[in-house]
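Here's the letter readout for the chains.
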Amino acid sequence: EDRTMAALRDKLQTAILDKVDSAGVNGQGAPRVPNTANIYFDFIEGEALVIALDLKGLSVSTGAACSSGAIEPSHVLTAMGLRPDRARASIRFSLGKQNTAEDVDFALQLVPSAVERLRELSPLYNKNSAVHS
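Residues numbered from 1 in each chain as written. Predicted model: local features only at pLDDT ≥ 70, side-chain atom pairs only at ≥ 80, totals over all residues. Heavy atoms only, no water.

Novice: Explanation requested: helix 1 (residues 2-19) in the structure shown.
Specialist: Helical geometry note: an α-helix holds 3.6 residues per turn, so side chains three or four residues apart project in the same direction. Here helix 1 is 18 residues long and its end C-alpha atoms lie 26 Å apart, about the 26 Å a rise of 1.5 Å per residue gives. Within the sequence span of helix 1, burial applies to M5, A6, L8, R9, L12, Q13, A15 and I16. Elements in contact with the buried residues of helix 1: strand 1 (23-25), strand 2 (36-41), strand 3 (90-94) and helix 5 (101-121). (Helix = DSSP H or I, 4+ residues; strand = E, 2+ residues; numbered from the N terminus. Expected span 1.5 Å × (residues − 1). Buried < 20%, exposed > 50% of the residue type's maximum accessible area, 1.4 Å probe, protein only. Contact = heavy atoms within 4.5 Å.)

This is the structure we're talking about:
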């Protein structure tokens with residue numbers, strides 16, 4: 001069961017990184033629970049992405065599971081050495097036993113376009129300077 005969830009999580013994060021520039025996995029290579037991926041999207045506020053995805057029916061969150069509602073960057077991510085702006089640009093995808101490959105595909109249809117839309121609104125984002133990091 002954990003292996004299935006980890007495979008779905010890995011599919012989700014790999015596909016997101018393939019489709020979205022200037023994004024990366026927080027804690028990559030470290031031991032992680034099999035059902036979560038914490039991904040940063042430079043040049044946007046994670047909170048705005050959470051809202052944009054929620055409006056489309058995809059539920060994600062920012063920060064640590066224990067501290068919702070805070071605009072402060074996740075203390076866990078900053079303790080891991082992330083810059084505050086990158087910590088604020090991070091969102092957590094959590095999979096449960098009920099999630100399927102179709103759910104991952106649904107997320108993959110929504111996330112890249114939502115990130116793109118938010119970046120177009122960002123004064124910090126210059127499409128020409130965005131690179132895979």
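After that view, the rundown keeps rolling.
Novice: Looking at this structure, I do not really get the nonpolar core. What am I missing?
Specialist: In this structure, I16, F41, L49, L53 and F93 are the most contacted members of the largest nonpolar core, which totals 28 residues. The set of elements that each furnish at least two residues to this core consists of helix 1, strand 1, strand 2, helix 2 (46-55), strand 3 and helix 5. Of the residues forming this core, the biggest block, eight residues, is contributed by helix 5. Those residues within four positions of L53 in sequence are excluded, and the remaining contacts are L58, V60, I91, L110, V111 and A114. (Core = buried A, V, L, I, M, F, W, Y, C linked by side-chain atoms within 4.5 Å.)

Novice: Is there a simple way to explain unusual backbone geometry in this structure?
Specialist: With glycine set apart, most residues show a phi of negative sign, and most peptide bonds adopt trans. Although it is not a glycine, S22 sits at a positive phi angle of roughly 50°. Here S22 is to be found in the loop between helix 1 and strand 1. Classification of S22 by relative accessible area gives buried; the value is 4%. Within the chain, F43 stands out as a residue other than glycine whose phi angle is a positive 80°. By relative accessible area, F43 is classed as partly exposed at 27%.

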